[in-house]
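Remarks on the overall topology
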Amino acid sequence: MSEPFSVPVTVRGYETDVQGHLNQSVYLQYGEHARWSLLQAAGIRQADLMARGIGPVALETTIRYRRELLAGDEVEVTCVFVWGEGKTFRVEQTISRTDGTVAAEITGVGGLMDLKARRLVADPGAYFRELADDPKLFGL
């Protein structure tokens, strides 16, 4: 497993709900932002994936809400890829305030889909290794 990649995010007022805390769907958006930021930092652009005829897919996502976030809160969203032997991988993410308080934990199972065959590729890590300028960011 690699060191967590992280991106800073400021909770915006329009992302909050009637209780004044971050809307539940926005946690997923923060996780997505961190994952795409990691791909970009590793040198993989969406166009690179499309050119290879592959695309990332989410197969399962679990969010554990730990502490509320309010408008103006500064957070770090981490992202770690955990590789296994099959067609899928796990993505473990934490959303924490800058004081270290964990607000949410996101665990996802993903894969890379062959966009023509509409099937998962056999070894997604090999594609990330090949496409990335810095595969170490993925723990590869």
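Note that the coordinates shown come from a computational prediction; the quantities given were computed from them, not determined experimentally.

**Here's the deal with the nonpolar core**
- Counting 32 residues, the largest nonpolar core has Tyr30, Phe81, Ile95 and Phe138 as the members making the most contacts within it.
- Counting residues per element, the ones that place at least two in this core are β1 (5-10), α1 (24-41), β3 (74-83), β4 (88-97), β5 (102-114) and α3 (124-131).
- Sorting elements by how many residues they give to this core places α1 first, with six residues.

**Things to note about the environment of Glu74**
- Positionally, Glu74 belongs in strand β3.
- The class for Glu74 is partly exposed, based on a relative accessible area of 41%.
- Each C-alpha atom, one on Glu74 and one on Val11, is 6.5 Å from the other, the two residues being 63 residues apart in sequence.
- Look past the residues within four positions of Glu74 in its chain and what remains in contact with it is Val9, Thr10, Ser96, Arg97 and Thr98.

**Considering α1**
- Over its 18 residues, α1 runs 27 Å from end to end, which matches the ideal 26 Å to within 8%, given 1.5 Å per residue.
- Among all positions in α1, only Val26, Tyr27, Tyr30, Gly31, Ala34, Ser37, Leu38 and Leu39 are buried.
- Of the residues trailing α1, Gly43 is marked for its positive phi of about 95 degrees.

**Comments concerning the packing of aromatic side chains**
- Evaluation of the coordinates by the stated rule reveals nine aromatic pairs.
- Ring centres of Phe81 and Trp83 lie 5.7 Å apart, and the angle between their planes is 25 degrees; this geometry places the pair in the stacked category.
- The exposure class assigned to Trp83 is partly exposed, which follows from its relative accessible area of 23%.
- Here the aromatic residues Phe81, Trp83, Phe89, Phe128 and Phe138 are joined through ring pairs into a cluster of three or more.

Parameters and conventions
- Residues numbered from 1 in each chain as written.
- Predicted model: local features only at pLDDT ≥ 70, side-chain atom pairs only at ≥ 80, totals over all residues.
- Heavy atoms only, no water.
- Core = buried A, V, L, I, M, F, W, Y, C linked by side-chain atoms within 4.5 Å.
- Buried < 20%, exposed > 50% of the residue type's maximum accessible area, 1.4 Å probe, protein only.
- Helix = DSSP H or I, 4+ residues; strand = E, 2+ residues; numbered from the N terminus.
- Contact = heavy atoms within 4.5 Å.
- Expected span 1.5 Å × (residues − 1).
- Phe/Tyr/Trp six-rings, centres within 6.5 Å; stacked < 30°, edge-to-face > 60°.

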